[in-house]
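Here's the letter readout for the chains.
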Amino acid sequence: MSKFIDFFRKDLLFSISLILAIFSIIIGRFQTSDIDFSVIASLFGLMLVINGLEDSGVLGSLGEKLVQKSKTQRQLIQSMVFLSFFCSMVLTNDVAILTLLPIYLKISRALKNHQTVILGAVYLIIAANLGSSFFPFGNPQNLFLYHFYAISISHFFLSTGSLMIASFSLLVFATHFISDDSLQIDVQPRAINRKKGSLFAIFLLVMIAGIFDIFSYQLALLISVVGVLLIQRKLFRKVDYRLLATFFCFFVIVGNLQQSQFLLNFLRPLFEKERPTFFTSLFLSQVISNVPAAILSASFTKHWQAVLMGVNIGGLGTLIASLANLIGYRLVKLYLPNEQTLFFKTFTKINLALVTILVLLFVWFI
């Protein structure tokens, strides 16, 4: 019984979404047409091949080499933050954090200034959230919105490119004020499986081609699934099935919400114009996380750019604004159990500051 409870306690977003989905079916109805299977299938395929790429050791080895070349605390943190920013574009924010944050936290234990250590961890998580917003496949909410609105790739990049430039500029500016004390770290880069890394890089390109409709996503998924079965079938165990189930549940919930005239009358005015849409999706992200906020917001508005910006900037802010934030918090709790309070305070202050700056920039832009 305790294992059963722990299973649901580990991911409260999944647990709550499951309960709400069941409740919505009881009082409403269930229709398969409410489920966007292309998003779930694409996300499943991406998880498979990205886990394989991560398992090959390529990203971890690159992180350790950058650490080895760092001569000061500032260089160490900037190296890890910028690597997190750019790698999350392709490998998703979750993978960037799960791979790079443990490396950083293990190495930084030797640093005496705990404030600087925590500051680096916070910036690394922020970088993963912001960097992943550039490509449609960088994070789950982008993947959903790209499919839902059938956004052209040129229009998508025009929107996310502006956020990427603004975000990277802010990270460069913010990390410039980190202590520049000298640093000596002896790290032996891990071995990597280049053959496996190359194969999974090819499968990743196949999945990306499917997302961009170069060929069907079903064919892309089939090629990737068969490839993983032949090369490393244990990767199927590493897929985040609860995230896939959470998507399924929210599709069901939103499908039933659209049948409620009372809710439609209440929510529609919040999404009629671009600025209110931006702020509503941003606020919803702070409360229910940006993935379900994207699914809920998209069903009420045609202003895709406002939703896209709202949920991506909305990944900053509260600890629950993004699943990646919670992953980062769990890792800090594991490696630095005595610094949870310091992390939470630092994380909240910096996130709120960056959200405020980005909101001011993009309210003007919108």
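Refer to the structure presented above.
Here, residues in each chain are numbered from 1, in the same order as that chain's written sequence. In view of the model being predicted, local features appear only for residues whose pLDDT reaches at least 70, and side-chain atom pairs are presented and counted only at 80 or more, with totals across whole chains, interfaces and linings using the full set of residues. Heavy atoms throughout the structure, all of them, feed into the side-chain values; hydrogens and water do not.

Glancing now at the nonpolar core. Among soluble globular proteins, nonpolar side chains are generally buried collectively. Residue types Ala, Val, Leu, Ile, Met, Phe, Trp, Tyr and Cys, when buried and joined through side-chain atoms within 4.5 Å, form a set referred to as a nonpolar core. Think of it in three bands: with a 1.4 Å probe and only protein chains considered, a residue is buried below 20% of the maximum accessible area for its type, exposed above 50%, and partly exposed in between. Ranked by size, the top nonpolar core spans 125 residues in total, and within it L101, Y104 and F247 carry the most contacts. The element best represented in this core is helix α5 (residues 73–108), accounting for 19 residues. Look past the residues within four positions of Y104 in its chain and what remains in contact with it is L76, I77, M80, T116, V117, G120, A121 and L124. Only runs of H or I of at least four residues qualify as helices and only runs of E of at least two qualify as strands under DSSP, and these elements are numbered from the N terminus. In what follows, a contact means two residues having at least one pair of non-hydrogen atoms within 4.5 Å.

Here is the rule: rings of Phe, Tyr and Trp (six-membered ring for Trp) pair when centre to centre is within 6.5 Å. Planes less than 30 degrees apart are stacked, more than 60 are edge-to-face, and the remainder are tilted. Counted according to the given criterion, the structure contains 25 aromatic pairs. For the pair F85 and F168, a centre-to-centre distance of 5.4 Å together with 45° between the ring planes defines the contact as tilted. With a gap of 83 residues between them, F85 in helix α5 and F168 in helix α8 (residues 153–175) connect regions that are remote in the sequence. A ring pair is formed by F156 and F157, whose centres lie 6.2 Å apart and whose planes are at 80°; its orientation type is edge-to-face. The structure contains a cluster of three or more aromatic residues connected by ring pairs, namely F134, F135, F137, Y146, F156, F157 and F212.

It is worth spelling out the pattern of salt bridges at this point. A carboxyl oxygen of Asp or Glu within 4 Å of a side-chain nitrogen of Lys or Arg is what we treat as a salt bridge. Counted by the stated rule, this structure contains three salt bridges. Of the charged contacts, one joins K196 and D55 as a salt bridge, the two residues approaching to 3.8 Å between their closest N and O atoms. Residue K196 is found in helix α9 (residues 194–211), and its partner D55 is found in helix α3 (residues 37–55); the two are separated by 141 residues along the sequence. In this structure, D55 and K238 form a salt bridge, with 3.9 Å as the shortest nitrogen-oxygen distance.

We now examine the packing of α3 against helix α7 (residues 140–149). What counts as an axis is a line fitted to C-alpha atoms, over the stretch in contact for a helix, and the angles between N-to-C directions run from 0 to 180 degrees. As a packed pair, α3 and α7 sit with axes 10 Å apart at the nearest point and diverge in direction by 140°. As judged from the angle between their axes, α3 and α7 are oblique. For the crossing formed where α3 meets α7, the hand is right-handed. Every residue of α7 that contacts α3 at S38, V39, S42, L43 and L46 is listed here: P140, L143, F144 and H147. Taken together, the residues of the contact of α3 with α7 sort by class into six nonpolar, three polar and no charged. Each angle is binned into one of four classes, with values under 35 degrees roughly parallel, values over 145 roughly antiparallel, values of 65 to 115 roughly perpendicular, and all other values oblique. For any helix crossing, the convention is left-handed if the near helix is rotated counterclockwise from the far helix by under a right angle, and right-handed if that rotation is clockwise. When residues are sorted by character, Ala, Val, Leu, Ile, Met, Phe, Trp, Tyr, Cys and Pro go into the nonpolar class, Asp, Glu, Lys and Arg into the charged class, and all the rest, Gly among them, into the polar class.

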